[in-house]
Every structure is written in structure tokens, then in C-alpha cells.
Amino acid sequence: MQVVDDEDFAQIRAQVREFVREQVVPREQEIAESDAIPPDIRARAADMGLFGYALPQAYGGLGLVITQDVELAFELGYTALSFRSLFGTNNGIAGQVLVGYGTDEQRKQWLEPMAEGRCIASFALTEPEAGSDPSGMRATATWTDGAWVIDGQKRYITNAPLSDLLVTFAKVRGTAESDGRIAVFLVPTTTAGVIVGPKDRKMGQEGATSSEVTFDGVRVGPEALISGEIDTGFRAAMAVLARGRVHISALAMGLSQRALDESVAYSAVNRQGGVPTGERQLVQAMLAEQASLVMAGKATAREAAARYLDGTDRRIGPSAAKLFCTEAAGKVADLAVQVHGGAGYMREMPVERLYRDVRLLRLYEGTSEIQKLIVGRELIRQAQA
Ligand SMILES: Cc1cc2nc3c(=O)[nH]c(=O)nc-3n(C[C@H](O)[C@H](O)[C@H](O)COP(=O)(O)OP(=O)(O)OC[C@H]3O[C@@H](n4cnc5c(N)ncnc54)[C@H](O)[C@@H]3O)c2cc1C
């Protein structure tokens with residue numbers, strides 16, 4: 001249910017837009033070169049409530065619903081995607097597990113520091129042989145002497161090097177009825193036996209961190225089990241990933257808008273033979289294709305969010321939107337490099353970074369192939385029901 005009215009949300013959106021465009025965009029080069037979000041930008045983001053914009057107001061968040069999240073993501077996607085990544089897991093895949101499935105005590109303990117930006121939470125699902133298909137996960141949680149003992153290895157975990165809390169998925173072992181069920185645990189990163197690996201060296205999104213995490217005999221108490229039930233994990237993962245896909249669709253469109261704006265601005269002044277390249281019809285065709293994809297993608301993300309919010313579609317919409325918007329964003333970023341010619345291949349040009357940053361969106365929170373499988377399977381299931 002929407003708790004922030006349209007007028008208040010318009011103010012939040014305007015503030016974020018101004019901050020992104022006036023404070024973060026000018027420092028993109030610094031973020032890329034230092035491979036970190038500067039502390040003053042992190043502090044300002046926390047002051048603005050960005051670490052908890054999608055967390056409930058009862059726990060210190062701004063309480064935005066998914067339709068508002070999408071509008072905000074259009075703004076956040078306009079700059080280096082690593083900026084959004086810093087607080088993306090708190091609001092998204094990690095935070096929403098607590099919001100949707102945590103007990104009152106678990107929410108009280110963790111959501112407030114997360115919303116204030118004092119705590120960064122990561123979502124630890126993926127493993128070396130369990131990415132697209134998490135059911136093959138090998139991490140285990142064994143009930144031993146009044147505690148859960150977690151063993152296993154996770155990889156590509158966003159924000160793990162900065163993280164205070166790992167929302168960790170593992171298969172329960174110990175009793176016949178529990179075997180094979182996937183549970184989810186709240187594991188403080190400081191717990192003995194948690195080993196966070198070095199930062200992954202990635203293709204793009206400099207300033208965003210991910211790494212491997214090893215759990216070596218990590219003991220946590222019964223209060224660490226999300227919802228107190230051993231079979232919540234798979235359901236929780238699928239639900240938060242579906243919500244996350246709507247957000248990623250919009251993020252992809254924020255980036256696409258930036259790529260289009262950069263392309264128009266550059267080609268309006270870049271001259272060949274004394275004529276701005278933007279006056280050449282083949283260049284205009286590229287701009288037109290970018291603009292059409294941006295319009296279509298924004299409409300798709302908004303539609304998916306509306307259907308998600310009113311509960312009419314939480315399966316096909318999120319996956320169809322992520323598939324369309326992230327593939328479209330790849331095309332828009334590629335065209336942006338083309339519109340810039342050789343300059344588009346140079347490190348100092350924003351479109352060179354956009355081209356690398358956007359590639360990840362087709363991989364995480366479910367690859368494009370997995371989105372196709374979800375949409376296709378669900379269409380047939382509905383027809384047969
Ligand atoms: C920078 C980064 C950050 C990430 N952050 C997180 C995070 O915070 N938390 C987390 O848990 N995970 C995270 N991930 C993991 C991400 O979600 C997975 O990488 C992704 O789901 C793909 O899994 P995989 O890498 O194991 O590839 P695979 O599953 O091995 O896929 C390889 C290829 O096979 C295809 N494929 C796989 N199965 C099928 C199938 N059944 N049918 C058709 N095609 C198939 C895939 O589409 C892909 O093209 C992150 C990844 C990256 C790169």
C-alpha cells in the first residue's frame with residue numbers, strides 16, 4: 001500500500017534527481033578511478049534516506065512502493081551504476097527478505113540500521129554450481145547443539161566486502177523431513193568462520209564491490225533463521241528476485257536515458273565535413289532507435305510495477321520487463337558508442353563506461369535466458385490451468 005503521497009514523492013524524486021545530476025555525475029571519473037564511492041557521497045545518500053527508501057517507515061525507511069521505486073530507479077540509473085549498488089541490496093534483494101519474511105525481532109534488530117546506512121546487507125544465494133538454478137546449492141545448515149552450523153561457499157556476492165550482514169541461503173540438514181529444504185539465515189559478517197574473499201575484478205561498474213564468501217563451520221543461534229521456519233528460503237529468494245527484476249528494468253532505463261542524452265548532445269556538436277554528425281540521417285536513425293527503446297522500456301517498467309503492486313502479476317511482468325529493458329539498454333548503450341565514433345571507445349567518455357556497466361544487468365538477478373524460461377513456463381501454466 002502506498003504510504004508516501006504523490007506530492008511528497010515528487011519532492012523525493014526531485015531531490016534525488018538533483019543530487020545524482022549535480023553531485024554524482026561530475027564525480028563519475030573519480031569513482032571509476034578509485035573503484036569506490038567517495039565517503040561524502042555515501043554520507044549524503046544516507047542523509048537522504050537512500051539506504052532505506054524501499055524499507056518500511058516503521059523501521060526508519062522512506063516506505064516507497066514498487067511503482068515509486070521504479071521512478072527513483074530512472075534517476076539512479078542516470079549515473080555510474082555503482083552508486084545505486086551501494087544501497088541496492090539494502091532496499092532490494094537482502095532488505096526485502098527481512099521485510100517479507102523476517103520476524104518482528106529480526107526486523108527490529110536489522111532494518112533500522114540498514115535504513116540509516118549504518119549497516120549494509122548482502123544477499124548470499126549464488127554458488128559455484130548454483131547460479132541460474134539455486135536448487136543445486138551445496139551450502140548446508142546443520143542443527144547441532146542448539147545452534148545452526150553453516151558450511152559452504154557463495155560467489156559474486158554484491159557488497160560482501162562492505163557488508164555487515166549476510167542474508168544467507170543454505171540447505172537444512174539434520175532430520176529426515178528437513179533434508180533438501182532451503183532456509184535463509186541472518187549471519188553477521190563478523191561471525192567466526194565467515195571469510196570474505198578479495199574484491200572481484202569486474203568488467204565494469206567500478207565502485208561496486210562483489211566477492212566470494214566462505215562459511216566454515218559458522219555457528220548462529222536459532223534467532224538467525226528467517227521467519228523461524230526451515231522452508232522459507234526458496235520462496236523468499238524467488239519473491240525478492242521478482243521484485244528486484246522490476247527495479248532492474250527501471251535502472252536499465254535510467255542508464256538508457258543517459259546514453260541517449262549523451263548521444264544527442266555529442267552528435268549535435270561533433271562535426272565532420274563542417275556538418276554536425278547529428279544532422280546526418282543515419283546518425284538520426286540511431287538516435288531515433290535509442291529514443292524509441294527508452295520510451296518503450298520506461299512504459300514496460302511502469303506497467304510491470306503497477307501489476308506487481310496491485311498483485312495481478314508477480315511472475316510474467318517482472319521477468320518480461322527485465323528481459324526487454326535490459327536487452328534494450330544493451331542496444332541503446334551500444335548505439336551510443338556508435339554515435340560517438342572513435343571517441344565512444346575512449347575511457348574518458350561516459351558512454352564507454354555505460355557500455356560496460358550495462359552488461360551486468362542481463363546477467364544478475366536472473367539471466368535473460370532464465371527470464372525467457374519463467375515467462376514461457378508461466379504462459380503455458382496459465383493456459384493449462
Ligand atoms: C557482479 C555480479 C554481482 C552479483 N551479485 C549477486 C548477489 O549479490 N547475490 C547473489 O546471490 N548472486 C549475485 N550474482 C550472481 C548472479 O545472479 C549469477 O551470476 C547469475 O544468476 C547467473 O548464474 P551463473 O553465473 O552461475 O551462470 P550459469 O547459471 O552457469 O549460466 C551460464 C549460461 O547458461 C545459461 N543457462 C543456465 N541455466 C540454463 C537453463 N536452464 N536454460 C537455458 N540457459 C541456461 C545462462 O543463461 C547463461 O547464459 C552476481 C553476479 C555478478 C556477475
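Cut-offs and rules
Residues numbered from 1 in each chain as written. Predicted model: local features only at pLDDT ≥ 70, side-chain atom pairs only at ≥ 80, totals over all residues. Heavy atoms only, no water. Helix = DSSP H or I, 4+ residues; strand = E, 2+ residues; numbered from the N terminus. Expected span 1.5 Å × (residues − 1). Buried < 20%, exposed > 50% of the residue type's maximum accessible area, 1.4 Å probe, protein only. Contact = heavy atoms within 4.5 Å. Domains from an automatic or database assignment. Buried area = accessible area lost by both parts, 1.4 Å probe. Salt bridge = Lys/Arg side-chain N within 4 Å of Asp/Glu carboxyl O. Polar contact = N/O pair within 3.5 Å; in protein donor to acceptor, adjacent residues only side chain to side chain.

Some details on helix α9 (residues 281-309)
Structurally, the α-helix is built with 3.6 residues per turn, so residues lying three or four positions apart point the same way.
Okay, step 1: Its 29 residues place the ends of α9 42 Å apart at the C-alpha level, agreeing with the 42 Å of an ideal helix rising 1.5 Å per residue.
Okay, step 2: The complete set of buried residues in α9 reads V283, M286, L287, Q290, L293, V294, G297, K298, A301, A304, A305 and Y308.
Okay, step 3: Summarising the contacts, the buried residues of α9 are in contact with α4 (66-76), α8 (233-269) and α10 (316-340).
Okay, step 4: One or two steps after α9, the chain reaches G311, where phi turns positive at roughly 80°.

Quick word on the domain arrangement of the chain
Okay, step 1: With domains assigned, the chain is organised as domain 1 (6-119), domain 2 (122-232) and domain 3 (235-384).
Okay, step 2: Residue-level contacts link 22 residues of domain 1 with 24 residues of domain 2.
Okay, step 3: Taken together, the two surfaces of domain 1 and domain 2 that pack against each other cover about 1800 Å², and 65% of this comes from carbon and sulfur.
Okay, step 4: Broken down residue by residue, the surface that domain 1 buries against domain 2 is led by D35, Q106 and W110, which jointly contribute 27%.
Okay, step 5: Counting the contacts that link domain 1 with domain 2 gives 1 salt bridge.
Okay, step 6: The residue K199 makes a salt bridge to D35 at a minimum N-O spacing of 3.3 Å.
Okay, step 7: Run the count over domain 1 and domain 2 and you get 10 residue pairs in polar contact (both at pLDDT 80 or more).
Okay, step 8: Elements that contribute at least two residues to the side of domain 1 that touches domain 2 include exactly α2 (28-34), α5 (81-91), α6 (95-101) and α7 (104-116).

Brief notes about unusual backbone geometry
Okay, step 1: The phi angle at N159 is positive, at roughly 70°, despite the residue not being glycine.
Okay, step 2: According to the relative accessible area criterion, N159 is buried, its value standing at 2%.
Okay, step 3: You will see that E365, though not glycine, has its phi angle at about 55°, which is positive.
Okay, step 4: Structurally, E365 can be placed in the loop between α11 (350-357) and α12 (368-384).

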